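# Results of the structural survey
Residue strings, one per chain:
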Amino acid sequence: MSQDQDNLGKIRQRIDALDGQIMELISQRADCAQEVARIKRDEDPEAEFYRPDREAQVLRRIHSENPGPLDAEEMARLFREIMSACLALEQQLEVAYLGPEGTFTQAAALKHFGHSVQTRAMTAIEEVFREVESGSAHYGVVPIENSTEGVVTHTLDRFMQSPLVICGEVELRIHHQLLSHATDLGDIQKVYSHQQSLAQCREWLDSRLSQAERLSLASNAEAAKQAAKDPQSAAIASAAAAQLYGLNILASNIEDSPDNTTRFLVIGPRASGPSGQDKTSLLISAHNRPGSLHGLLSPFAAHDVSLTRIESRPSHCVNWEYVFFIDIEGHCQDAKVAAALSELRAQADLVRVLGSYPKAVL
Ligand SMILES: O=C(O)C(=O)C[C@]1(C(=O)O)C=C[C@@H](O)C=C1
């Protein structure tokens, strides 16, 4: 036996021993999670087992203390899965998402909760909200904005009527693939995708597939399903959808912007506690008076609260003329944020906290 062969055998023995220790430690961690569940249940029979604030703190600590050589993101992802499995011992979570299977929203749900939750595909954003409002699913995941195409107005509008709160956010780098049964771009007559994905690949389509008609469908996964039926068509969708619907990847990463990112929200019945690095989303309205927007924003400046986003939407209601969706830094229980909100309440016709939640970690 050569020296290298001998060393290989020894290293593998060490890996086996380490795997045994890791397994033992993960099992001890799972015992702790079961104990936590018992305490939560004793304190409150209706207790919420999923704690987004605590999960964010665990993942942030792993991320910052990672010694290498594994990448910190990679290490945090491993712990994401361990925690997901521990939570599944406490409670089997059902998470509704904007389907069908293979959408980026499903990928976002799994990125956020890990793979030990049960994900359930819904056909529309409206249905995701309804599923969680009725209690059929514990949580829901919906898209809210894309770095290239802007806000998903349907999701924003739905918050105006929903009692649900935002309890988390997920950011996902979006890579679009051109999927088809065809093997030559010249054979493609039609390209199906969600309207936002078509827009995110506009320049690529103009230069490489200018002959093809662009048809928008309800989701990218729906587009992949259509493309699977017609070899003269293609879909813009995820690599996961290629596998799911048995299509070839005819061209990879065709998005025009290399930083193409979509942000998703986790919606649920209960608010998250402060995690130390949080955001708060607000719905605010005021009558149409000169300076009213300035008045709405001044309490944030006065209390040194940063605004990260502001969107205005038609109110769909005769009483309100403006509705603003505003994201700020901090949790509504933080002193600065609480002071800004109480000042704001004195000026605005409506102030609703849509949720305070941990900033995305992964
Ligand atoms: O700390 C808790 O409350 C737990 O239930 C434990 C734990 C974990 O595995 O670390 C599991 C699920 C929660 O969402 C948060 C954390």
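Rules used in this analysis
- Residues numbered from 1 in each chain as written.
- Predicted model: local features only at pLDDT ≥ 70, side-chain atom pairs only at ≥ 80, totals over all residues.
- Heavy atoms only, no water.
- Axes fitted to C-alpha atoms, helices over the stretch in contact; angles between N-to-C directions.
- Helix = DSSP H or I, 4+ residues; strand = E, 2+ residues; numbered from the N terminus.
- Parallel < 35°, antiparallel > 145°, perpendicular 65-115°, else oblique.
- Left-handed = near helix turned anticlockwise from the far one by under 90°.
- Contact = heavy atoms within 4.5 Å.
- UniProt positions renumbered as here; feature names shortened; annotations may be inferred.
- Near = heavy atom within 4 Å.
- Polar contact = N/O pair within 3.5 Å; in protein donor to acceptor, adjacent residues only side chain to side chain.

### Some thoughts on the packing of helix H1 (residues 3-43) against helix H3 (residues 72-90)
- Axis separation between H1 and H3 bottoms out at 9 Å; the angle between their running directions is 40°. The angle between the axes of H1 and H3 places the two elements in the oblique class. Considering the relative orientation of H1 and H3, their crossing is right-handed. Contact residues: H1 offers Ile 26, Arg 29, Ala 30, Ala 33, Gln 34, Ala 37, Lys 40 and Arg 41, while H3 offers Ile 82, Met 83, Cys 86, Leu 89 and Glu 90.

### Some words on the UniProt feature "domain: Chorismate mutase" (unreviewed entry) in the protein chain
- Mapped onto the present numbering, the UniProt feature "domain: Chorismate mutase" (unreviewed entry) falls on residues 2-94.
- Structurally, residues 2-94 is divided into 80% helix and 1% strand, and its ends, taken at the C-alpha atoms, are 53 Å apart.

### Some remarks on the site of the ligand
- The ligand sits among Arg 29, Val 36, Lys 40, Phe 49, Tyr 50, Arg 51, Arg 54, Glu 55, Met 83, Cys 86, Leu 87 and Glu 90.
- At a separation of 2.7 Å, an oxygen atom of the ligand approaches a polar side-chain atom of Lys 40.
- Glu 55 has a polar side-chain atom sitting 2.6 Å from an oxygen atom of the ligand.
- Elements that contribute at least two residues to the shell around the ligand include exactly H1, helix H2 (52-65) and H3.
- Broken down by element, the shell around the ligand gets its largest block of residues, four residues, from H3.

### With respect to unusual backbone geometry
- Between Gly 68 and the following residue, Pro 69, the backbone shows a cis peptide bond with an omega angle of 10°.
- Looking at the secondary structure, you find Pro 69 in the loop between H2 and H3.
- Cis peptide bonds are those with omega within 30 degrees of zero, and the linkage from Gly 99 to Pro 100 qualifies with 0°.
- Residue placement: Pro 100 occurs in the loop between strand E1 (94-98) and helix H4 (104-113).
- You will see that Asp 304, though not glycine, has its phi angle at about 60°, which is positive.

### Considerations on the UniProt feature "domain: Prephenate dehydratase" (unreviewed entry) in the protein chain
- Taking the numbering used here, the UniProt-annotated feature "domain: Prephenate dehydratase" (unreviewed entry) corresponds to residues 94-269.
- Helix makes up 32% of residues 94-269 and strand makes up 34%, while its end C-alpha atoms are separated by 13 Å.

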